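Letter by letter, the chains look like this.
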Amino acid sequence: MSSSTDLAALLAAKIRDVPDYPKPGVVFKDIAPLLGDAEAFAALVDHLAARSRELGATKIVGLEARGFILAAPAAYAAGAGFVPVRKEGKLPGELHRQAYELEYGSAVIEVQTDAFAPGERVLVVDDVLATGGTVEAALELIQRCGAEVAGVEVMMELGFLGGRARLAPLLGDAPLETVIAV
Ligand SMILES: O=P(O)(O)OC[C@H]1O[C@H](OP(=O)(O)OP(=O)(O)O)[C@H](O)[C@@H]1O
Ligand SMILES: Nc1ncnc2[nH]cnc12
């Protein structure tokens, strides 16, 4: 992929707007066409893996469920470990948990307390940044585990919902990068 503009254009062409899903007033960004396109999917995963290496991450966190689809292959390609942050009730053992609200609902996410070594550098990967509630909850969990946030990589940012400003206090110097911003 020759430039970030080319990557954004390739991906944007494969994201479908679905009005009034899952609730009236929400325009849902459906990434199924992108995932089904071998060139777009590979280009996105390669980009995430390259950023992970550049940021020195040793673990990539994926946020259930769509974040898993991007984070797991990126971790493999980057030579990093993969850590699932899951919706409540899916992980065994000792957990940290965090309730949050997102654009169209509310939920609780959890992570295993021993998922990271102390001070380990962690990259968070997800598909869509809307209100920022989901990523904010994930950052709180990672910090509670004693790990360091190396950065956040999200494929698409819905700027009008203010997620970036909300996350700034938790990020410090760590970058929040999105391939597409609308
Ligand atoms: O910025 P926010 O307002 O928090 O919204 C963004 C989150 O919403 C979606 O996840 P969802 O909870 O719908 O789960 P899914 O991946 O299982 O579809 C998306 O994959 C992000 O994780
Ligand atoms: N509009 C949206 N489209 C897809 N995923 C989302 N997560 C939160 N808001 C979303």
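Residues numbered from 1 in each chain as written. Chains lettered and ligands numbered in written order. Predicted model: local features only at pLDDT ≥ 70, side-chain atom pairs only at ≥ 80, totals over all residues. Heavy atoms only, no water.

As recorded in an unreviewed UniProt entry, the protein goes by the name Adenine phosphoribosyltransferase, listed as coming from Streptacidiphilus fuscans.

Enquirer: I would appreciate a short explanation of the pattern of salt bridges in the present structure.
Expert: When the charged atoms of two side chains with opposite charge come close together, those side chains can pair. In total, this model carries 14 salt bridges according to the counting rule given. For Arg51, the salt bridge is made with Glu153, and the minimal N-O distance between the two is 3.8 Å. Here Arg51, found in helix 3 (residues 38–54), pairs with Glu153, found in strand 8 (residues 148–157); they are 102 residues apart in sequence, far enough to count as distant. Residue Arg51 shares its accessibility class with Glu153, and that shared class is buried. Notably, a salt bridge pairs Arg97 with Glu110, separated by 3.3 Å at the nearest N-O pair. Of the two residues, Arg97 sits in strand 5 (residues 95–102) while Glu110 sits in strand 6 (residues 105–112), which places them 13 residues apart along the sequence. Take Glu110: its relative accessible area is 6%, and that puts it in the buried class. (Salt bridge = Lys/Arg side-chain N within 4 Å of Asp/Glu carboxyl O. Helix = DSSP H or I, 4+ residues; strand = E, 2+ residues; numbered from the N terminus. Buried < 20%, exposed > 50% of the residue type's maximum accessible area, 1.4 Å probe, protein only.)

Enquirer: How do you make sense of unusual backbone geometry when you look at a structure like this?
Expert: Most peptide bonds take the trans form, and the phi angle of most residues other than glycine is negative. Put simply, Tyr21 and Pro22 share a cis peptide bond, and its omega is -5°. Mapping Pro22 onto the fold places it in the loop between strand 1 (16–19) and strand 2 (27–30).

Enquirer: What is the right way to read the site of ligand 1 from this model?
Expert: With respect to spatial proximity, 16 residues lie near ligand 1, and among them Tyr104, Asp126, Asp127, Thr131 and Thr134 are the closest. A distance of 3.0 Å separates an oxygen atom of ligand 1 from a polar atom in the backbone of Ala65. About the coverage of ligand 1: the protein hides 87% of its 510 Å² of free accessible area. When contributions to the shell around ligand 1 are tallied by element, the ones reaching two or more residues are strand 7 (121–129) and helix 5 (133–144). The greatest single-element share of the shell around ligand 1, amounting to four residues, is contributed by strand 7. Tallied by class, the residues present in the shell around ligand 1 amount to six nonpolar, four polar and six charged. (Near = heavy atom within 4 Å. Polar contact = N/O pair within 3.5 Å; in protein donor to acceptor, adjacent residues only side chain to side chain. Areas by Shrake-Rupley, 256 points an atom, 1.4 Å probe, with all protein chains shown as cover. Nonpolar A, V, L, I, M, F, W, Y, C, P; charged D, E, K, R; others polar.)

Enquirer: In this structure, what is going on with the nonpolar core? I would like to understand it.
Expert: A general tendency of soluble globular proteins is for nonpolar side chains to be buried together. Within the largest apolar cluster, 32 residues are counted, with the highest numbers of intra-cluster contacts made by Leu11, Leu44 and Ile60. Looking at this core element by element, the count peaks at six residues for helix 3. Setting aside residues no more than four positions away along its own chain, Leu44 makes contact with Leu7, Leu11, Leu34, Leu70, Met155 and Val179. Listed in part, the 28 residues of the second largest apolar core include Leu63, Tyr100, Leu141 and Ala147. (Core = buried A, V, L, I, M, F, W, Y, C linked by side-chain atoms within 4.5 Å. Contact = heavy atoms within 4.5 Å.)

Enquirer: Where do I start with the pairing of strand 3 (residues 59–63) in this structure?
Expert: It is a general feature of regular strands that their side chains alternate between the two faces of the sheet. Most of strand 3 sits out of view: five of its five residues are buried. Residues Lys59, Val61 and Leu63 of strand 3 are buried on one face, and the alternating residues Ile60 and Gly62, pointing to the opposite face, are buried as well. In the sheet, strand 3 pairs with strand 4 (residues 81–87) via five bridges, with the strands oriented parallel. Paired with Lys59 across the two strands is Gly81, which belongs to strand 4. (Pairing = 2+ DSSP bridges.)

Enquirer: Help me out: how do you make sense of the site of ligand 2 in this one?
Expert: Taken together, Val26, Val27, Phe28, Lys29, Arg66, Glu103, Tyr104, Val128, Ala130 and Leu158 are the residues near ligand 2. Note that a nitrogen atom of ligand 2 is positioned 2.9 Å from one of the backbone N or O atoms of Val27. Between Arg66 and ligand 2, the recorded distance is 3.0 Å, taken from a side-chain N or O atom to a nitrogen atom. It is strand 2 that provides the largest number of residues to the shell around ligand 2, a total of three residues. For the shell around ligand 2, the class distribution of residues is seven nonpolar, no polar and three charged.

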